[in-house]
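Residue-level structure breakdown
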Amino acid sequence: MSSVNSAVETLMQGANTLFILIGAILVLAMHAGFAFLEVGTVRRKNQVNALVKIMTDFGFSTLAYFFIGYWIAYDITFFSSAEVLAEGNGYALVKFFFLLTFAAAIPAIISGGVAERARFYPMLTASALIVGLVYPLFEGMSWNGNYGFQDWMENSFGAPFHDFAGSVVVHGVGGWIALAAVLILGARMGRYRNGKVVAFAPSNIPFLALGSWILTVGWFGFNVMSAQTIDGISGLVAVNSLMAMVGGIITSMILGKNDPGFIHNGPLAGLVAVCAGSDIMHPMGALITGGIAGALFVVMFTMAQNKWPRLDDVLGVWPLHGLCGAWGGIAAGIFGLEALGGLGGVTFSAQLVGTIVGIVIATIGGFVVYGLVNKVAGIRLDDEEEFNGADLSIHKIGATSDD
């Protein structure tokens with residue numbers, strides 16, 4: 001009997017390792033989505049830079065998270081022997097890989113906001129500092145209960161802060177850090193003339209759409225695999241993600257007046273918002289959450305572009321990830337309630353306070369990191385480099401041979 005139990009345990013360990021590995025691969029693939037979303041949005045002279053940034057940011061993020069960030073968030077290091085690390089089919093290693101892909105999404109989010117005018121190596125340095133120090137601070141507080149944060153939340157507000165797949169921990173944090181970086185960088189050359197915004201049209205709508213689709217598909221790994229073990233998998237998470245995505249599509253289409261940029265960001269807004277409560281909402285609650293997120297993105301992106309000259313957020317990452325992520329954290333405290341068809345275990349006040357804490361940490365962390373790097377090294381291209389484009393100025397090659 002013991003041998004049978006041992007065999008079953010080994011099988012489950014292997015299945016859990018494979019399960020979370022598939023999730024890690026799906027979220028890794030989402031980085032291609034970030035890349036092509038940016039490539040399709042920026043002007044042609046900055047397309048190569050968009051691709052290179054996402055790839056190199058991932059490399060720097062991996063080192064920062066492997067040696068520092070994961071240690072801060074979970075008090076786990078990898079200085080044991082390979083024999084120890086491989087125990088349990090290497091599940092602990094693959095869990096790190098999965099959580100790394102979340103952490104590395106932070107610079108990928110920021111990249112879209114600071115596109116077309118940022119220097120290369122100073123921004124890579126800032127990315128490493130963000131992933132190594134700022135992001136894991138709130139990640140550990142939310143997902144590991146560091147510093148007694150979740151105990152305090154439960155004692156003060158009746159429930160822990162609930163963020164199943166990172167509406168606030170990942171997207172909100174990334175979006176509010178990006179806001180700081182965008183404000184420090186300032187607007188692109190020629191963006192505002194005589195107080196009026198000058199529209200820079202997306203360079204390639206098919207690439208933008210490809211990026212959106214890659215992100216949308218990968219998101220089901222992002223959300224569903226956040227269960228981290230195969231026995232925790234829930235079809236509710238999958239269908240809630242689907243309904244929120246659809247809600248974002250519909251409202252962005254209507255309010256965005258059929259604009260393809262809004263339509264392809266709408267599903268992403270819905271998916272950002274549903275991450276937090278995807279495991280506890282009713283599908284109709286998820287649909288409403290996503291619909292509100294799609295509308296929030298269109299309205300706030302338009303307002304930011306036309307009314308706030310300093311806030312030149314190229315891909316709209318602050319409204320998409322920052323605001324929709326914050327809405328998602330709060331929405332989990334509304335549509336996760338049993339009274340509204342949810343599974344319960346949350347309170348509105350806990351979700352509101354937890355979301356605010358995440359915003360504060362991210363915003364302060366963003367201003368500190370990008371402010372320091374800017375002061376030491378400068379994070380903006382000079383006027384001639386920006387005019388020529390980041391592709392030629394930084395990488396010495398254009399996106400196509402006829403450039």
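Look above for the structure.
Using the criterion set out here, one finds two cavities of 30 Å³ or more in the structure. Volume-wise, the largest cavity comes out at about 110 Å³. Contributing to the lining of the largest cavity are 14 residues, with Phe 34, Leu 37, Leu 315, Val 317 and His 321 lying nearest its centre. Within the residue set of the lining of the largest cavity, elements represented by two or more residues are helix H1 (2-41), helix H4 (91-113), helix H8 (205-224), helix H10 (260-274) and helix H12 (317-335). In this structure, the second largest cavity occupies an estimated 90 Å³ of space.

This part covers the environment of Trp 143. Inspection of the secondary structure puts Trp 143 in helix H5 (residues 120-143). Exposure remark for Trp 143: the relative accessible area of 24% places this residue in the partly exposed category. Note: C-alpha distance between Trp 143 and Gly 166 (23 residues apart in sequence) is 9.5 Å. Residues in contact with Trp 143, not counting those within four places in the same chain, are Tyr 74, Leu 99, Phe 102, Tyr 135, Asp 163, Phe 164, Ala 165, Gly 166, Val 169 and Val 170.

Let us now look at the side chain of Arg 188. With respect to the element layout, Arg 188 can be found in the loop between helix H7 (167-185) and strand S1 (192-193). What makes Arg 188 buried here is its relative accessible area of 6%. Within polar-contact distance, the side chain of Arg 188 engages the side chain of Glu 116 at 2.6 Å. Discounting residues that sit within four places of it in the chain, Arg 188 has contacts with Arg 43, Ala 115, Glu 116, Arg 117, Phe 200, Asp 312, Val 314, Arg 380 and Glu 386.

Over its 24 residues, H5 extends 32 Å from the first C-alpha to the last, a length consistent with the 34 Å expected when each residue adds 1.5 Å. Considering bend angle alone, the principal kink of H5 is centred on Pro 136 and spans about 40°. Where H5 terminates, the next one or two residues include Gly 145, which has phi positive at roughly 70°.

Next up on the list: a nonpolar patch on the surface. Together, Leu 242, Val 246, Ile 250, Met 253, Ile 254, Leu 255, Leu 287, Val 299, Met 303 and Trp 308 make up an exposed nonpolar region whose accessible area comes to about 790 Å². Elements with a contribution of two residues or more to the nonpolar patch: helix H9 (235-255) and helix H11 (283-307). No other element matches the six residues that H9 contributes to the nonpolar patch. Along the chain, the position of Ile 250 falls in helix H9.

Let us now look at the environment of Glu 154. Note that Glu 154 resides in helix H6 (residues 149-157). Along the chain, Glu 154 and Val 346 lie 192 residues apart, while their C-alpha atoms are 9.5 Å from each other.

Parameters at a glance
Residues numbered from 1 in each chain as written. Predicted model: local features only at pLDDT ≥ 70, side-chain atom pairs only at ≥ 80, totals over all residues. Heavy atoms only, no water. 1 Å grid on protein atoms, 1.4 Å probe; cavity = no way out; pocket = protein on both sides within 12 Å on 5 of 7 lines; lining within 4 Å. Points joined across faces, edges and corners; volume = space filled by probe spheres on them. Helix = DSSP H or I, 4+ residues; strand = E, 2+ residues; numbered from the N terminus. Buried < 20%, exposed > 50% of the residue type's maximum accessible area, 1.4 Å probe, protein only. Contact = heavy atoms within 4.5 Å. Polar contact = N/O pair within 3.5 Å; in protein donor to acceptor, adjacent residues only side chain to side chain. Expected span 1.5 Å × (residues − 1). Bend = angle between axes of the 7 residues up to and from the residue. Patch = residues over 30% accessible without salt bridge, like charges linked within 9 Å, V, L, I, M, F, W, Y side chains within 5 Å. Areas by Shrake-Rupley, 256 points an atom, 1.4 Å probe, with all protein chains shown as cover. Salt bridge = Lys/Arg side-chain N within 4 Å of Asp/Glu carboxyl O.

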